[in-house]
Amino acid sequence: MPGTSTTSRVAMLVLATVAFAVNFWAWGLLSPLGGVYEKQLRLTAFEVSVLVAVPVIVGSLGRIVLGALTDRYGGRLVFGVTTLLGIVPVVFLAYAASYPALLAGGFVLGLTGATFAVGVPFVNAWFPPERRGLALGVFGAGNIGTAISGFATPWLAQRFGQQAPFWTVAVALAVIGVVMLVFGRDAPGAEPATEPFGRRFLAAARLRTTRELAGMYALTFGGFVAFGVYLPLYLRSVYHLEVADAAARSAGFVVLSTVARPVGGWLADRLGGERVLGWALAVVAVCAVAVSFAPAMPLATVGFLVMAAALGLGNGAVFAVLSRAVPGAMVGSATGVVGAAGGLGGFLPPIVMGLIYQATGSYAIGLMLLAAVACGAFVYCWFVLRPRARA
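Analysis parameters
Residues numbered from 1 in each chain as written. Predicted model: local features only at pLDDT ≥ 70, side-chain atom pairs only at ≥ 80, totals over all residues. Heavy atoms only, no water. Helix = DSSP H or I, 4+ residues; strand = E, 2+ residues; numbered from the N terminus. Rg over C-alpha atoms; globule rule 2.2 N^0.38 Å. Buried < 20%, exposed > 50% of the residue type's maximum accessible area, 1.4 Å probe, protein only. Contact = heavy atoms within 4.5 Å. Areas by Shrake-Rupley, 256 points an atom, 1.4 Å probe, with all protein chains shown as cover. Lys, Arg positive; Asp, Glu negative; His and termini not counted. Charge placed at Lys NZ, Arg CZ, Asp CG, Glu CD. Phe/Tyr/Trp six-rings, centres within 6.5 Å; stacked < 30°, edge-to-face > 60°. Axes fitted to C-alpha atoms, helices over the stretch in contact; angles between N-to-C directions. Nonpolar A, V, L, I, M, F, W, Y, C, P; charged D, E, K, R; others polar. Arc of directions from axis to C-beta. Expected span 1.5 Å × (residues − 1). Bend = angle between axes of the 7 residues up to and from the residue. Polar contact = N/O pair within 3.5 Å; in protein donor to acceptor, adjacent residues only side chain to side chain. Core = buried A, V, L, I, M, F, W, Y, C linked by side-chain atoms within 4.5 Å. Parallel < 35°, antiparallel > 145°, perpendicular 65-115°, else oblique. Salt bridge = Lys/Arg side-chain N within 4 Å of Asp/Glu carboxyl O.

Student: Give a description of the overall build of the protein chain that names residues and reports values.
Tutor: Along its length, the protein chain carries 17 helices and zero strands. Taken over C-alpha atoms, the radius of gyration comes to 20 Å for the protein chain, in line with the 21 Å a tight globule of 391 residues would show. In terms of overall dimensions, the protein chain has C-alpha extents of about 55 × 45 × 35 Å along its principal axes. Counting all 391 residues of the protein chain, 57% fall into the buried class. Here the analysis covers contacts within the protein chain between residues at least 6 apart in sequence; of these, 86% occur between residues at least 24 apart. Of the roughly 15,000 Å² of accessible surface on the protein chain, a fraction of 71% belongs to carbon and sulfur atoms. Charge-centre separation for the protein chain: the mean point of 24 positive side chains lies 3 Å from the mean point of 12 negative side chains.

This is the structure in structure tokens:
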């Protein structure tokens, strides 16, 4: 971008990524403690599934609003204020002692997961088109906050008490929120949107590219979120692991997927986002079939880790495509639509998996459904999106 230095770009990218990671740690607080709440409150598998899924759906729908607000008021202000507001549900959950209270706190906690729709247009405006895939991939690596939650949340709860992880995250949100407001800067020359929210949202939603990428992101990011929040429960049910062991293995899934995301953006800058996305979807389909048979732990580990890498590559590719295909003034609104679809894609699978497991005692059907959807998405990507991009 003219008039901006590389140092400024990198500084804003690092700040946005750290802020996103902290917010994602907050967003993922309930999942690692799902087993604890299950025992304390005598919850069913379905009730636990709902508990860990509620922040996901709120964070998904909230992206529509925050994306539009970012187009209007800029990423610095919206990111900083939203981060500080996230302190409220985190502190509330530290003292929640009933299932309705946990659901209420989790509902408001979803706000922290919506910050993704703030960071994408914020970062996008700082980088030229040929570097946006990598930059947005690096920002998306803030998903590592989910892995941090998987590792740190149960450890802090066991070592210092169940309230400790919530207070740790509250302090982190306060620090990064203030830093964003004081030191954050919107990209020079960024023009705020002036059209009403409804008109901008509908215009972004009408774009064919937005709708197509929303479907792809619902699968790639939705799969990442779904496994991030539900894999600990899955591993405990199928492989009878302890809570800490299941949380740690699930965090490994999240870490690998997160690391793969910038790689997906980088590859998309060089090979084309549609091609990278197609490869990733094909791998997800194969891995979902493999793990559906509940193989021995070593084979299951390989299957889930390869799937994690493929989902990360796909996530990076989706926003590399979006950054080029959507007009700059609409990136926030389009990101809100696509990001909401991704979050909703993460909300439904835990609910479906919980119901299927409760009815059949097996997760195989749910994983086979994932394989079928991934296969269909691959066909569409490879034979519709990719040829059109080359035209």
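Student: Tell me about the packing of aromatic side chains, residues and numbers included.
Tutor: With the rule as written, the count across this model stands at 20 aromatic pairs. Geometrically, the ring pair formed by Phe 378 and Trp 382 is stacked, given 6.0 Å between the ring centres and 25° between the ring planes. Here the residue Phe 378 and the residue Trp 382 both occupy positions in helix 17 (residues 364-390), the gap between them amounting to four residues, near one helical turn. Take Phe 378: its relative accessible area is 23%, and that puts it in the partly exposed class.

Student: Got a sec to walk through the packing of helix 1 (residues 6-27) against helix 8 (residues 132-140)? Specific residues and values, please.
Tutor: The axes of two packed helices give the description: the angle between them and the distance between them. Contact pair helix 1 / helix 8: the axes reach a minimum separation of 8 Å and the direction vectors enclose 35°. Touching Leu 13, Ala 16, Thr 17 and Phe 20 of helix 1 are Ala 135, Val 138, Phe 139 and Gly 140, all from helix 8. Of the residues in the contact of helix 1 with helix 8, the class split is six nonpolar, two polar and no charged.

Student: So what's going on with helix 5 (residues 87-94)? Residues and values would help.
Tutor: Buried residues of helix 5: Pro 89, Val 90, Leu 93 and Ala 94, and no others. Take helix 5 and look down its axis: the buried residues cluster within an arc of 145°, on one side only. Looking at the buried residues of helix 5, the elements they touch are helix 1, helix 2 (34-41), helix 4 (75-85), helix 6 (99-113) and helix 10 (164-183).

Student: Give me helix 9 (residues 144-160): which residues, what numbers.
Tutor: Look at helix 9: 23 Å from first C-alpha to last across 17 residues, which is about the 24 Å you get at 1.5 Å a residue. Along helix 9, the sharpest kink reaches roughly 30°, centred on Ala 152 and followed within four residues by the proline Pro 154. When helix 9 is considered as a whole, its buried residues turn out to be Gly 145, Thr 146, Ala 147, Ser 149, Gly 150, Ala 152, Thr 153, Pro 154, Leu 156 and Ala 157. In the core, the buried residues of helix 9 are packed alongside helix 1, helix 10 and helix 13 (243-271). After helix 9 finishes, the residue Gly 161 shows a positive phi value of roughly 110°.

Student: I'd like to hear about the side chain of Asn 23, residue by residue, with values.
Tutor: By secondary structure assignment, the location of Asn 23 is in helix 1. A polar contact is formed between the side chain of Asn 23 and the side chain of Thr 83, at a distance of 3.1 Å. Those residues in contact with Asn 23 that sit more than four places away from it in its chain are Phe 79, Thr 83, Thr 112, Thr 115 and Leu 173.

Student: I'd like a rundown of the nonpolar core, residues and numbers included.
Tutor: In this structure, Val 90, Val 123, Phe 139, Tyr 234, Met 307 and Phe 319 are the most contacted members of the largest nonpolar core, which totals 111 residues. Top element by residues in this core is helix 12 (residues 208-239). It accounts for 15 residues. For Val 90, the contacting residues outside a window of four places in its chain are Ala 26, Leu 29, Leu 109, Phe 166, Val 169, Ala 170 and Leu 173.

Student: Give a description of unusual backbone geometry that names residues and reports values.
Tutor: Positive phi is not limited to glycine here, since His 240 has a value of about 55°. Mapped onto the secondary structure, His 240 falls in the loop between helix 12 and helix 13. When its relative accessible area of 65% is taken as the criterion, His 240 is described as exposed. Phi angles above zero are rare outside glycine, and Ala 294 is one such case at about 50°. For Ala 294, the position within the fold is in the loop between helix 14 (273-292) and helix 15 (297-325).

Student: So what about the packing of helix 8 against helix 13? Which residues, and what values?
Tutor: Relative orientation of the contacting elements helix 8 and helix 13 amounts to 170°, with a least axis distance of 7 Å. With respect to their mutual orientation, helix 8 and helix 13 come out roughly antiparallel. Only Arg 261, Pro 262, Gly 265, Trp 266 and Asp 269 of helix 13 make contact with helix 8, whose side of the interface consists of Arg 132, Gly 133, Leu 134, Gly 137, Val 138 and Gly 140. Partitioned by chemical class, the residues of the contact of helix 8 with helix 13 number four nonpolar, four polar and three charged.

Student: Kindly report on the pattern of salt bridges, identifying the contributing residues and their values.
Tutor: With the rule as written, the count across this model stands at three salt bridges. Residue Arg 236 is joined to Glu 38 by a salt bridge in which the shortest nitrogen-to-oxygen separation is 3.4 Å. Taken together, the positions of Arg 236 in helix 12 and Glu 38 in helix 2 put the pair 198 residues apart, joining distant regions of the chain. Judged by relative accessible area, Arg 236 falls into the partly exposed class, the value being 22%. Notably, a salt bridge pairs Asp 245 with Arg 249, separated by 3.3 Å at the nearest N-O pair. Here the residue Asp 245 and the residue Arg 249 both occupy positions in helix 13, the gap between them amounting to four residues, near one helical turn. Assessed through its relative accessible area of 32%, Asp 245 is described here as partly exposed.

Student: Kindly report on the environment of Gly 222, identifying the contributing residues and their values.
Tutor: Looking at where Gly 222 falls in the secondary structure, it is placed in helix 12. A C-alpha to C-alpha distance of 8.6 Å links Gly 222 and Leu 348, two positions 126 residues apart in sequence.

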